[in-house]
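# Coordinates in review
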Amino acid sequence: MIRGLLILSILLVTGLAKIPVEAAISAEHRREHFRAVEFGLGLREQVGQLGFIAALSGFRALVADFVFIQAHVAWERTEWGRVLLLFRQVTTLQPRAILFWDMAAWHMAWNASVAAMNDPAQPRLALRLRAQREYFDLGRDFLERGIRNNPEKPQLYEALGRLYRDKYHDHAHAAEYFEQAAALPDAPSYDRRFAAYELSYCAGREQEAYERLHRLYQSGERERLPTLLKRLKFLEEQLHVPLAERIPDQLPADTPKR
Amino acid sequence: MSELPHTAFSLRRVGALTSNTLRELTRLRVFYVLLLFALLLIGSSFFLARMTFQQEFQVLKDISLGAINILTSVLAIVATARLLPQEIEDRTIYTILAKPVHRGEYMLGKLAGVLLLLAITTLLMSALFLAVLYVREHTVLAETARQMRAAPPDHLEEALRNVRASAFNLNLLPGIAIIFLKAALLAALTLFVSTFATSNIFAVVVMVFVYFIGHLEGTAREYWQQEHGTGWIASTFLGLVALLFPDLQLFNLVDDVVAGTPILPALFAKTAALGGFYVTLYFLLAWAVFYRREL
Amino acid sequence: MTDAITVTSVSKSFPIPFQRRPMVAVRDVSFRVEAGQVYGLLGPNGSGKSTTLKMILGLVRPTRGTTEIFGRDSEFVASRTSVGFLPESPYFPKYLTGEEMLRFYGKVCGLGGSELRTRIDTLLELVRLTNARTRRLGGYSKGMLQRIGLAQALINDPKVVILDEPTAGVDPAGSREIRDLILDLKARGMTVLLSSHLLEQVQEVCDRVGILAQGELVREGPLRELIAIENRTQLVLENASVELIGEIETRALAAGAQVVEKRNSETTLEKLFLEATQSATRR
Ligand SMILES: Nc1ncnc2c1ncn2[C@@H]1O[C@H](COP(=O)(O)OP(=O)(O)OP(=O)(O)O)[C@@H](O)[C@H]1O
Ligand SMILES: [Mg+2]
């Protein structure tokens, strides 16, 4: 009995000592983007009691994968509302997985939007266009939230750049996001190029685009890809660059065709 | 007839107890969990086949590490909980403690045996998992290279880099080490509980509760520290949870590691130190209870 | 003679949950075991034999009183450097061979190397299990298990062995072997403390006995003296011819004595035992 109380008090005293340590490590985890998920009522309503308990007990990623697979099935059945719902859960459960944000946005902006546009049940074009636009926005929303949760990874910036380029045809925004991706340490070399391409489509920013593309062109043989040469020539025309400063006409022999 | 010199601590004695514990545990067919793990890996690869490689790798890693996580935790609790009750029931504990063996040495031997078992199973499961991942990575790399023969070199390079990045990642290793730490913590805590538990089942039930409460400890601690204007009953309850239970969420880093978050060495060191602290604390408490326990 | 084991007014009570009065398992028991003696602790089931032995081994802590082995308090691990113990009906891991089991216990005692190897050989020889050394304990008979258990108790070459009901559950032949072993150990100068309720066996090997009933030591003393209370003399002869026995009988009758039984040591001890324990029950 006395020993029991003694041991309980040892636990309490060491507990007092460990609490600040655990709080500090916990804070550090947050800073390092670990465990960025909020275990609130909202999540519990979304994933159900069982999933919530499993997620709480260290199997968050597994629950996320499970929901993701359900989303995959829903996609195969083209149940778009369900795909959206399930991807919201997946990304809430595992906000650090680029893949889930990317997939969610892709399903919305590329797949669901096309399905909405071709919806035989909706004869009015204006409404179909509006539905399509709404799916673009849903895709953009996923990517923006994904970026907020993973600011250090270039992939979602790229995806958002592609979304602006291919779906909204908004080259200024596309250029901006490719540029942001390119600025990150892990970015692939083509992000800088893509940003410059997009800029070359923006009316009024031709000079800026030309300078960038030209710099890329001069950085070496590697960058002299067909699209780059084409855009550069287009800008040379637009900006009336003196003939002497223009790039040579023929394609480098060893560049693979796109 | 010369009397053996008696020392307070002997590595040979503890070593004998450790290897005996390990041997006893392996006799329990605990290595069936490895078979279970292998089946899971094979089974999951079937439904992973229809996904893209990023999805496949992510789910493969999540499932494998989730399985390693749950299997080591369950093993830690179930294997440790039966050690003392079983030896008392078999009365072999009398033969051992009737020898010039300190009870601390006995407990240390038991704990070390379980930890060794956990280390071996973690290593074997990880090796199996990494082998599967390696094979899949190389298949996907070869496929990607074949499909992208015509692409610009930096695109191909980036694609291959993507494959590599989404497959094996060096950060998985500290992640796995932390899974082991969590299991070690649970084993030490189970040993402590089993020193006063009246039966094997009781210890397991207590540990299941501890497991869930341990995962909520962080939340309780934060509420308690923030003083959310709760009544004193709720506040006392939260405080007790925060003080008495370890924060098990701190050992769940592997989910985010799979998603690509790196574990910095300093953070790993702190987490490992915390795990070591808990293992030591619970071992010492187990010893303190067992030291005067009637057998 | 030095005392191998000293038990000084020990009591042991176990608390009973939800009851104020604890269960008293051993009540103010004192006795001494001289070095080289075989001491038998007798008593019906639940009389506190095992509890007393466990207290001597430091497995259970006395509520009152002290126990010592060669002058060292049982509370300390050092008191167990020269003692071996075979608990009542132990269960040794089935998957070990006899040899492996002894090696484990040897290592637990801090032994190793060639010293341990020769020790194992000697012990297997002693308990006549050399042929079964590589067989798994799962295949051992009850008698073999008790003998390997005895070998285990002797692994660290102790000066005292404590055996809790060493012949329980063993058939007559097996128990005969164990008794022979005990006598063998005694012949080597070892002290033996054993508990039993098999009286004729105790009578055969013990120099001194103590009888426990409901936790109290109701009789204690040299076996012969205890039996002598009955006012009878027992003559155990070896290699006596029929004529000699006839002659003794005639002489005894002539002298006015009566030959009650010819070979009947058991009944005497049993009577004593029953009388002692029953009187304790009546109290
Ligand atoms: N750990 C314990 N907790 C409570 N009671 C106990 C404990 N150990 C023994 N007892 C009680 O103490 C009494 C003496 O038990 P003990 O085992 O010493 O008897 P014993 O003489 O060895 O009997 P047996 O011949 O059955 O082996 C019994 O009534 C038993 O129920
Ligand atoms: Mg007994």
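These remarks concern the structure in this document. The model shown is predicted, which means the values in this text are computed figures rather than measured ones.

Let's shift gears to the coordination of the magnesium ion (ligand 2). Residues and elements named next belong to chain C. The protein atoms that coordinate the magnesium ion (ligand 2) are Ser 50 (OG) and Glu 88 (OE), at distances spanning 1.9 to 2.4 Å. Here Ser 50 is found in helix α1 (residues 49–56), whereas its partner Glu 88 is found in the loop between β6 (83–86) and α2 (98–108), with 38 residues between them in sequence. Taking relative accessible area as the criterion, Ser 50 reaches 17% and is therefore assigned buried. With a relative accessible area of 29%, Glu 88 lands in the partly exposed category.

This part is about the sheet that holds strand β2 (residues 23–34) of chain C. Residue and element names in this part refer to chain C. Taken together, the four strands give an open sheet; going across it, the order is β2-β1-β4-β5, and neighbouring strands pair in antiparallel fashion. Looking at strand neighbours, the two that pair on one side only are β2 and β5 (72–73), the edges of this open sheet. The sheet contact formed by strand β4 (residues 64–69) and β5 spans two bridges and is antiparallel. Along β5, the bridge assignment pairs Glu 68 with Asp 73. The sheet strands contacting α1 are β1 (3–14), β2 and β4, and the helix crosses β1 at an angle near 120 degrees.

Here B:Arg91, not a glycine, exhibits a phi torsion of approximately 65 degrees, which is positive. Within the secondary structure, B:Arg91 is located in the loop between α3 (53–90) and α4 (92–97). Unlike most non-glycine residues, C:Arg128 shows phi in positive territory, near 55 degrees.

Moving on, we get to the side chain of C:Arg179. Residue position: C:Arg179 is located in helix α5 (residues 172–187). Beyond its immediate sequence surroundings of up to four residues, C:Arg179 is in contact with C:Pro172, C:Gln201, C:Glu204 and C:Val205.

Let's shift gears to the packing of aromatic side chains. The description of an aromatic ring pair rests on the distance of the ring centres and on the angle between the ring planes. For the coordinates displayed, the defined rule picks out 20 aromatic pairs over all chains. Taken together, a centroid distance of 5.7 Å and an interplanar angle of 75 degrees make the contact between A:Phe136 and A:Tyr168 edge-to-face. Here A:Phe136, found in helix α5 (residues 125–149), pairs with A:Tyr168, found in helix α6 (residues 154–168); they are 32 residues apart in sequence, far enough to count as distant. An identical accessibility class is assigned to A:Phe136 and A:Tyr168; each is buried. Taken together through their ring pairs, the aromatic side chains of A:Phe136, A:Tyr164, A:Tyr168 and A:Tyr177 make up a single cluster. Here A:Arg231 stacks its cationic end above the ring of A:Tyr201, 3.8 Å away from the centre of that ring. Directly above the ring of B:Phe290 sits B:Arg103, whose terminal nitrogen or CZ lies 5.5 Å from the centroid.

A few words on the pairing of β6(C). Residue and element names in this part refer to chain C. Neither face of β6 is open: one carries Val 83 and Phe 85, the other Gly 84 and Leu 86, and all of them are buried. Across four bridges, β6 lies against strand β7 (residues 160–164) in parallel orientation. In the strand pairing of β7, Val 83 is matched with Val 160.

In this assembly, 58 residues from chain A lie in contact with 64 residues from chain B. Approximately 5100 Å² of surface area, both sides summed, lies buried where chain A meets chain B, with 63% of it carried by carbon and sulfur atoms. At the surface where chain A touches chain B, the tally comes to five salt bridges. Of the charged contacts, one joins A:Arg30 and B:Glu222 as a salt bridge, the two residues approaching to 3.7 Å between their closest N and O atoms. Applying the counting criterion to the chain A and chain B interface returns 19 residue pairs in polar contact (both at pLDDT 80 or more). Elements with a contribution of two residues or more to the side of chain A that touches chain B: α1 (2–31), α2 (41–76), α4 (98–117) and α8 (190–200) of chain A. At 19 residues, α1(A) tops the list of elements feeding residues into the side of chain A that touches chain B. Tallied by class, the residues present in the side of chain A that touches chain B amount to 30 nonpolar, 11 polar and 17 charged.

What follows deals with the interface of chain B and chain C. The partner chain C presents 39 residues to the 30 residues of chain B that form the contact. With both sides pooled, the region where chain B packs onto chain C buries about 3300 Å², and carbon together with sulfur makes up 59% of that total. Inspection of the region where chain B meets chain C yields two salt bridges. With a shortest N-O distance of 3.2 Å, B:Arg23 and C:Glu100 are connected by a salt bridge. Seen at the junction of chain B and chain C, the total is 15 residue pairs in polar contact (both at pLDDT 80 or more). Looking at the side of chain B that touches chain C, the elements that each hand over two or more residues are α1 (11–27) and α4 of chain B. At eight residues, the largest contribution of residues to the side of chain B that touches chain C is made by α1(B). Class assignment of the residues belonging to the side of chain B that touches chain C gives a composition of 12 nonpolar, five polar and 13 charged.

Residue and element names in this part refer to chain C. Burial runs high along β1: nine of the 12 residues are buried. In this structure, β1 lies alongside β2, joined through eight bridges in antiparallel fashion. By the bridge assignment for β2, Ser 13 is matched with Val 24. As judged from the five bridges shared by β1 and β4, these two strands associate in the antiparallel manner. Of the residues in β4, the one forming a bridge with Thr 6 is Glu 68.

Packed helices, taken two at a time, are described by the angle between their axes plus the distance between the axes. All names here are of chain A. Direction vectors running N to C along α4 and α5 enclose 175 degrees, while the axes themselves pass 8 Å from each other. With respect to their mutual orientation, α4 and α5 come out roughly antiparallel. Here the residues of the contact of α4 with α5 sort into 16 nonpolar, five polar and three charged.

Rules used in this analysis
- Residues numbered from 1 in each chain as written.
- Chains lettered and ligands numbered in written order.
- Predicted model: local features only at pLDDT ≥ 70, side-chain atom pairs only at ≥ 80, totals over all residues.
- Heavy atoms only, no water.
- Donors = N, O, S within 2.8 Å, 3.2 Å for Na, K, Ca; no water.
- Helix = DSSP H or I, 4+ residues; strand = E, 2+ residues; numbered from the N terminus.
- Buried < 20%, exposed > 50% of the residue type's maximum accessible area, 1.4 Å probe, protein only.
- Pairing = 2+ DSSP bridges.
- Contact = heavy atoms within 4.5 Å.
- Axes fitted to C-alpha atoms, helices over the stretch in contact; angles between N-to-C directions.
- Phe/Tyr/Trp six-rings, centres within 6.5 Å; stacked < 30°, edge-to-face > 60°.
- Lys NZ or Arg CZ within 6 Å of the ring centre and 35° of its normal.
- Buried area = accessible area lost by both parts, 1.4 Å probe.
- Salt bridge = Lys/Arg side-chain N within 4 Å of Asp/Glu carboxyl O.
- Polar contact = N/O pair within 3.5 Å; in protein donor to acceptor, adjacent residues only side chain to side chain.
- Nonpolar A, V, L, I, M, F, W, Y, C, P; charged D, E, K, R; others polar.
- Parallel < 35°, antiparallel > 145°, perpendicular 65-115°, else oblique.

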